[in-house]
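# Structure at a glance
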Amino acid sequence: RTEHRPIMKLSQKSANILGTIATIAAICMYVAYLPQIQMNLAGHKGSALQPLVACINGLLWVIYALFKKGRDWPVTISNAPGFILGGITFLTVIL
């Protein structure tokens, strides 16, 4: 049996700060779809693949975070916009 040793240890306070920053960064990444949605609606269609993959990825992470033992709200909150905005972006490309 191999013992797993973390590369570095974070205090609870540092882990909370890092988690908050990562959650904000993930939300910002997905909010970046808004200009693409506007362009799609204006007739300047972009690629459908990347937002479709983001939508599926966001959905899978949200399902995982909500149904695992001890719900993981930061994972849910940071990936829900990917599911929603990725899905909207995908739909505006194909419609």
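Coordinates for the structure precede this section.
Let me begin by describing the structure that accompanies this report. This structure is a prediction, so every number in the text was calculated from the model and none was measured. (Residues numbered from 1 in each chain as written. Predicted model: local features only at pLDDT ≥ 70, side-chain atom pairs only at ≥ 80, totals over all residues. Heavy atoms only, no water.)

## What to know about the overall build of the protein
In terms of regular secondary structure, the protein is built from four helices and zero strands. Along its sequence from the N terminus, the protein presents helices and strands in the succession α-α-α-α. Taking 2.2 N^0.38 as the reference for a compact globule, 95 residues should give roughly 12 Å; the C-alpha atoms of the protein span a radius of gyration of 17 Å, well beyond that estimate. C-alpha atoms of the protein, sized along the principal axes, occupy 55 × 25 × 25 Å. (Helix = DSSP H or I, 4+ residues; strand = E, 2+ residues; numbered from the N terminus. Rg over C-alpha atoms; globule rule 2.2 N^0.38 Å.)

## Structural notes on the nonpolar core
Judged by nonpolar contacts, Tyr-30, Tyr-33, Ile-37, Ala-54 and Leu-85 together constitute the single largest core of five residues. Among residues more than four places away in sequence, those in contact with Tyr-33 are Gln-50, Pro-51, Ala-54, Leu-85, Gly-86 and Thr-89. (Core = buried A, V, L, I, M, F, W, Y, C linked by side-chain atoms within 4.5 Å. Buried < 20%, exposed > 50% of the residue type's maximum accessible area, 1.4 Å probe, protein only. Contact = heavy atoms within 4.5 Å.)

## With respect to the state of the cysteines
A complete count under the given rule lists zero disulfides for this structure. Cys-28 provides the cysteine sulfur closest to Cys-55, a residue in no disulfide bond, and the two sulfurs are 19 Å apart. (Disulfide = S-S within 2.5 Å.)

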